[in-house]
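# Summary of the model geometry
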Amino acid sequence: MKTETIKQKFDPEDKSKEFAEYEVVGHCLVIRLHRELDHHCAMYVKERSDYLINKRQIKNIIFDFKNAHFMDSSGIGVIMGRYKRVIFTGGKVAVSNVDTAVDRIFELSGLYKIIDKYEKTEDAIRELKDTAY
């Protein structure tokens, strides 16, 4: 299994690194959020994840909420949009390390009907990493 943390030359215009770390494991993209998934960072996370989905042939996406304790409607939009990107290839979206506040947002929004929840990111990776095209 190939695991690769995405590193590139510093680009002062690329603010996506300020909000999340991106790791490719097999055909999974793990997005480790550094802060809340809100309107301040949604565009950056969306653009960077879409770029990696296209370039790395990503099938599954895991959002790690370990350091994110809030999500607004923009964050819901980011997750829904990534779900729409991968569902047509048989892919899945999952979340991990969700605290009670964000868990409630997922429940109320109905996102748990289309995405899976894992206690730990490693559990999600283990489950989804070997799923190929």
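Below, the structure is looked at part by part. These numbers come from a predicted model, not from an experiment.

### Quick look at the pattern of salt bridges
- Per the stated rule, a full pass over the model turns up eight salt bridges.
- Residues Asp-64 and Arg-32 are paired through a salt bridge, measuring 3.2 Å at the closest nitrogen-oxygen approach. Placement of Asp-64 in strand β4 (residues 60–64) and of Arg-32 in strand β3 (residues 28–33) is noted, with a sequence separation of 32 residues between them.
- Taking the shortest distance from any N to any O, the salt bridge between Arg-35 and Asp-38 comes out at 3.4 Å.

### Quick word on the environment of Gly-91
- If you trace the backbone, Gly-91 turns up in the loop between α3 (73–87) and β5 (93–96).
- Residue class for Gly-91 comes out buried when judged on its relative accessible area of 2%.
- With 30 residues separating them along the chain, Gly-91 and Ile-61 place their C-alpha atoms 8.0 Å apart.
- Ignoring sequence-local partners within four residues, the contact set of Gly-91 consists of Lys-59, Asn-60 and Val-86.

### Details of the nonpolar core
- Counting residues in hydrophobic clusters, the biggest one holds 31 residues, and the most contacted among them are Val-45, Phe-63, Phe-65, Ile-79 and Phe-106.
- Ignoring sequence-local partners within four residues, the contact set of Ile-79 consists of Leu-37, Phe-63, Phe-65, Met-71, Val-93, Phe-106, Leu-111 and Ile-115.
- One finds Cys-28, Val-30, Ile-62 and Ala-94 within the second-largest nonpolar core, a separate group that totals nine residues.

### Topic: helix α2 (residues 42–56)
- The end-to-end C-alpha distance of α2 is 21 Å, a good match for the 21 Å that 15 residues give at a rise of 1.5 Å each.
- Among the residues of α2, Ala-42, Val-45, Arg-48, Ser-49, Asp-50, Leu-52 and Ile-53 are the ones counted as buried.
- Two residues or fewer after α2 comes Gln-57, characterised by a positive phi angle close to 50 degrees.

### Here's the deal with the packing of aromatic side chains
- Applying the stated rule across the entire model yields three aromatic pairs.
- Centre to centre, the rings of Phe-65 and Phe-106 are 5.6 Å apart; their planes meet at 85 degrees, and the pair counts as edge-to-face. Linking Phe-65 in the loop between β4 and α3 with Phe-106 in helix α4 (residues 100–109), this pair joins segments that are 41 residues apart in sequence.
- Ring plane angle 35 degrees and centroid distance 5.3 Å describe the contact between Phe-106 and Tyr-112, whose orientation is recorded as tilted.
- Of the aromatic side chains, those joined through ring pairs into one cluster are Phe-65, Phe-106 and Tyr-112.

### Quick word on unusual backbone geometry
- Even without being glycine, Gln-57 reaches a positive phi, approximately 50 degrees.
- Position of Gln-57 among the secondary structure elements: in the loop between α2 and β4.
- Non-glycine residue Asn-97 carries a positive phi angle of around 55 degrees.
- On the secondary structure map, Asn-97 appears in the loop between β5 and α4.
- A relative accessible area of 24% places Asn-97 in the partly exposed class.

So, how was this worked out
- Residues numbered from 1 in each chain as written.
- Predicted model: local features only at pLDDT ≥ 70, side-chain atom pairs only at ≥ 80, totals over all residues.
- Heavy atoms only, no water.
- Salt bridge = Lys/Arg side-chain N within 4 Å of Asp/Glu carboxyl O.
- Helix = DSSP H or I, 4+ residues; strand = E, 2+ residues; numbered from the N terminus.
- Buried < 20%, exposed > 50% of the residue type's maximum accessible area, 1.4 Å probe, protein only.
- Contact = heavy atoms within 4.5 Å.
- Core = buried A, V, L, I, M, F, W, Y, C linked by side-chain atoms within 4.5 Å.
- Expected span 1.5 Å × (residues − 1).
- Phe/Tyr/Trp six-rings, centres within 6.5 Å; stacked < 30°, edge-to-face > 60°.

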